[in-house]
Amino acid sequence: MRQKEKIIKELHIGCGGPRPVKAPGGAELHCKGWYQEAALRMLCNNLDPDNGENPDELIVYGGLGKAARNWECFDAIVRTLLDLENDETLLMQSGKPVAVLKTSKSAPRILIANSNLVPRWASWDYFHKLDRMGLMMYGQMTAGSWIYIGTQGILQGTYETFASLGQKHYQSDLRGKIIVTAGLGGMGGAQPLAVTMAKGVAVCVEIDQSRIEKRLKKHYLDTQAPTLDEAIAKAQEAAKNKTPLSIGLCANIADILPAMLQKGFIPDVITDQTSAHDELNGYFPRGLTFAQALQLRKAEPEKYKNMALDSMALHVRAILEMQKRGAVAFDYGNNLRAQAMKRGVDNAMDYPGFVPAYIRELFCRGQGPFRWVALSGNPEDIRVTDRELLRLFPEKTKMANWLKMAGEKIEHMGLPSRICWLGYGEREKAGKLFNDLVREGKVRAPIVIGRDHLDCGSVASPYRETEAMKDGSDAVADWAILNCMSNVASGAAWVSFHDGGGVGIGYALHAGQVTVADGTDESEKKLITVLRNDPATGIARHADAGYETAIRVAETKGVKIPMVNMC
Ligand code: NAD
């Protein structure tokens, strides 16, 4: 009881407005069980100023991606989690707690639905209308499902993408290659470090100076240049010396790319991670200062949206021109190409998305962004999990290399955490290992395990995860719903289903799951079941689409797929 009152005081529950939020750590419970406690700590962790891009407005990342609908809802969620019994389930509707049901101990403690609209109504305009009426919030992927772990969450995926690009196009790493990109936000901020980890040189254009400073402070970005000419000179010098380097440049990318073309500067690789999926609250149109843009957004939203879409068209035309002049171009999952198509750039899809280009083969093996967080708040617990994972999978040399680099280069943001892509079979072994570590007291408190919604079986997103599927099933969303239901049936601690995410309302449907290793036998069973079945749906999805790798993995690893004989 004392613990409950303490946390209510610490989180200023009841004050109804913005306040600094930090996740509690330690081994003592504030809630009635570790599943509820994990949700409470992860909700707070999403809003930690180290993690959240704009915590005062409950925004975690990705344009408008929020952790709770408003501060009153935040207060109510915390109070409900503190009182939630071990046989009850909290229902969350777009950031608002709406019911507590009597279920069972084996059921999820929380079920979350964010930003879902009936398809005919699934547009930004309709969403914004409901948002203004106080009826919805944008959940992005891990913002509204409480499993964001800061920029690290996307770091390994970004690194894998750049490393795979190097192998595919240069048969090596990115040594001596210049990569131009934009956006140093919650996710995009991983790009400079991912490029330098892959040994390349990155020029990262960002309109908001404070984002550049945030990435410099956390050592995701090495340096910044005051002008385009200096950024190019620094990049060329580093590339010549084959020295990895990341350079920030405070400017609008829609101004910078045409200027690069005019100067005859063509990078080796061109991509983008501005929040292009959201033309009102994400992307900044050219021709305005940062401050002017923020003002126009509020004063004249329609004018702002038109200007943003015009800029995106220019932006994509410049990427296409760079591609024509020899650059490797790829879309980095922000729906920039589809936005430009709205302004008549009909050939925007001439450059591929990153999933078909570099990631799908991993999805066919059930590989995906497995992540975990030390609820103790002690970074030593992550060092223990890193070390034990290396023992568990001694044969995985790429993973060993990643964990070594991550241990050296990544500063923890909020609760200490780790991301490490694991495949089918491996995830459940890692889950059991972490549960054993908790049971044996080798870590100081339970460990929460989750993943990005960007995974092999959890998403239907025709311009991203399911772009250019072999059988044409890009827009079939049944798979994402089956993934969600499988995770509920398998006993995840909390499960979520969202519309939107990285590509915007109406463009994607996706599911998330979180489990908790608290050292009990019951959790062990749930961990093994969830972490086996979750990627199994990914293998089934890709096998059904005709991918040979997925069919082979299903056969060799025992994912049961019924035979359907077509007459
Ligand atoms: P964010 O909103 O936190 O950051 C976007 C950044 O882009 C901001 O810092 C903003 O100032 C900057 N920006 C916007 N317009 C600009 C312009 N014209 N010129 C220069 N800078 C500009 O978003 P985020 O979380 O970093 O995500 C970025 C995008 O990537 C989103 O669309 C998101 O959905 C997508 N995304 C991709 C992946 C992936 O795996 N590829 C994963 C998550 C998100």
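What this report covers is the structure whose coordinates are included nearby. (Residues numbered from 1 in each chain as written. Predicted model: local features only at pLDDT ≥ 70, side-chain atom pairs only at ≥ 80, totals over all residues. Heavy atoms only, no water.)

1. A few points about the overall build of the chain
When helices and strands are tallied, the chain shows 19 helices and 17 strands. A compact globule built from 567 residues would reach a C-alpha radius of gyration of about 24 Å, and the chain, at 22 Å, matches this within 12%. C-alpha atoms of the chain, sized along the principal axes, occupy 65 × 55 × 55 Å. Out of the 567 residues belonging to the chain, those deemed buried represent 61%. A sequence separation of at least 24 residues applies to 71% of the contacts in the chain between residues at least 6 apart. Here the chain has roughly 21300 Å² of accessible surface; of this, 53% comes from carbon and sulfur atoms. Considering the chain, the positive charge centre built from 69 side chains and the negative charge centre built from 66 side chains are found 1 Å apart. (Helix = DSSP H or I, 4+ residues; strand = E, 2+ residues; numbered from the N terminus. Rg over C-alpha atoms; globule rule 2.2 N^0.38 Å. Buried < 20%, exposed > 50% of the residue type's maximum accessible area, 1.4 Å probe, protein only. Contact = heavy atoms within 4.5 Å. Areas by Shrake-Rupley, 256 points an atom, 1.4 Å probe, with all protein chains shown as cover. Lys, Arg positive; Asp, Glu negative; His and termini not counted. Charge placed at Lys NZ, Arg CZ, Asp CG, Glu CD.)

2. A word on unusual backbone geometry
Located in the positive-phi region is Lys 199, a residue other than glycine, with phi close to 75 degrees. Relative to the helices and strands, Lys 199 resides in the loop between helix H6 (191-197) and strand S7 (201-206). The residue Lys 242 is not glycine, and still its phi comes out positive at about 55 degrees. With respect to the helices and strands, Lys 242 occurs in the loop between helix H8 (228-240) and strand S9 (245-250).

3. Comments concerning the sheet that holds S7
Spatial strand order, S8-S9-S7-S6-S10-S11: six strands in an open sheet with parallel pairing. At either end of the open sheet lies a strand with only one pairing partner, and these are strand S8 (223-225) and strand S11 (328-329). Alignment of S8 against S9, held across three bridges, turns out to be parallel. Bridging across to S9, Ala 225 finds its partner in Leu 249. (Pairing = 2+ DSSP bridges.)

4. Description of the environment of Gly 414
Structurally, Gly 414 is set in the loop between helix H15 (397-409) and strand S13 (417-419). Gly 414 gets classed as partly exposed once you look at its relative accessible area, which sits at 27%. Considering only alpha carbons, one finds Gly 414 and Gly 344, 70 residues apart in sequence, at a separation of 43 Å. Those residues in contact with Gly 414 that lie beyond four places of it in its chain are Asn 45, Asp 48, Asp 50 and Asn 51.

5. Re the packing of aromatic side chains
Summed over the entire model, instances satisfying the criterion amount to 17 aromatic pairs. Ring geometry for Tyr 61 and Tyr 148: centres 4.7 Å apart, planes at 5 degrees, overall stacked. In this pair, Tyr 61 sits in strand S1 (residues 59-61) while Tyr 148 sits in the loop between helix H4 (124-132) and helix H5 (152-170), placing the two residues 87 residues apart along the sequence. With respect to burial, Tyr 61 and Tyr 148 carry one shared label: buried. Here Phe 370 and Trp 372 contribute two aromatic rings whose centre-to-centre distance is 5.7 Å and whose plane-to-plane angle is 50 degrees, an arrangement assigned as tilted. The cationic tip of Lys 177 hangs over the ring face of Tyr 170; the distance from NZ or CZ to the ring centre is 4.4 Å. Directly above the aromatic system of Tyr 351 lies the positively charged group of Arg 337, at a separation of 6.0 Å from the ring centroid. (Phe/Tyr/Trp six-rings, centres within 6.5 Å; stacked < 30°, edge-to-face > 60°. Lys NZ or Arg CZ within 6 Å of the ring centre and 35° of its normal.)

6. Here we look at the packing of H5 against helix H13 (residues 354-364)
Packing of H5 against H13 leaves a shortest axis separation of 10 Å and a crossing angle of 95 degrees. Judged by the inter-axis angle, H5 sits roughly perpendicular to H13. Contact residues: Thr 161, Ser 164, Leu 165, Lys 168 and His 169 in H5; Phe 354, Ala 357, Tyr 358 and Ile 359 in H13. Classifying every residue of the contact of H5 with H13 gives five nonpolar, three polar and one charged. (Axes fitted to C-alpha atoms, helices over the stretch in contact; angles between N-to-C directions. Parallel < 35°, antiparallel > 145°, perpendicular 65-115°, else oblique. Nonpolar A, V, L, I, M, F, W, Y, C, P; charged D, E, K, R; others polar.)

7. Structural notes on the site of the ligand
Taken together, 34 residues lie around the ligand, and Gly 63, Glu 206, Ser 275, His 277 and Gly 502 are the ones closest in. At 2.8 Å from an oxygen atom of the ligand is found a main-chain nitrogen or oxygen belonging to Gly 63. Here a nitrogen atom of the ligand and a backbone polar atom of Phe 284 are 2.9 Å apart. For the ligand, whose unbound accessible area comes to 850 Å², protein coverage reaches 98%. When the residues that make up the shell around the ligand are grouped by side-chain class, the tally is 13 nonpolar, 16 polar and five charged. No fewer than three residues from each of domain 1 (152-357) and domain 2 (359-557) sit in the shell around the ligand. (Near = heavy atom within 4 Å. Polar contact = N/O pair within 3.5 Å; in protein donor to acceptor, adjacent residues only side chain to side chain. Domains from an automatic or database assignment.)

8. Some thoughts on the pattern of salt bridges
Applying the stated criterion across every chain yields a total of 45 salt bridges. Lys 305 serves as the salt-bridge partner of Glu 302, at 3.2 Å between the closest nitrogen and oxygen. Taken together, the residues Glu 302 and Lys 305, both in helix H11 (residues 301-324) and three residues apart, mark about one turn of the helix. Residue classification places Lys 305 among the buried residues on the basis of a relative accessible area of 11%. A salt bridge links Arg 451 to Asp 455; the shortest N-O distance between them is 3.2 Å. Asp 455 gets classed as buried once you look at its relative accessible area, which sits at 2%. (Salt bridge = Lys/Arg side-chain N within 4 Å of Asp/Glu carboxyl O.)

9. Re helix H3 (residues 71-83)
With 13 residues, H3 extends 19 Å between its outermost C-alpha atoms, agreeing within 8% with the 18 Å of an ideal straight helix rising 1.5 Å per residue. Turning to H3, its buried residues number three or more, namely Trp 71, Cys 73, Phe 74, Asp 75, Ile 77, Val 78, Leu 81 and Leu 82. Packed against the buried residues of H3 are helix H1 (2-10), helix H2 (34-47), strand S3 (88-93), strand S4 (96-102) and strand S5 (110-114). Capping the start of H3 is the job of one residue whose side-chain oxygen sits 3.2 Å from the backbone nitrogen of Glu 72: Asn 70. (Expected span 1.5 Å × (residues − 1).)

10. Observations concerning the pairing of strand S12 (residues 370-374)
With five of five residues buried, S12 lies mostly within the body of the structure. Neither face of S12 is left uncovered, since the one carrying Phe 370, Trp 372 and Ala 374 and the one carrying Arg 371 and Val 373 both have all their residues buried. When S12 meets strand S14 (residues 447-451), the two strands line up antiparallel, connected through five bridges. The residue bridging Phe 370 from the neighbouring strand is Arg 451, located in S14. Relative to S13, S12 is paired through three bridges, and the arrangement is antiparallel. Within S13, the position partnered with Trp 372 by the bridge is Arg 418.

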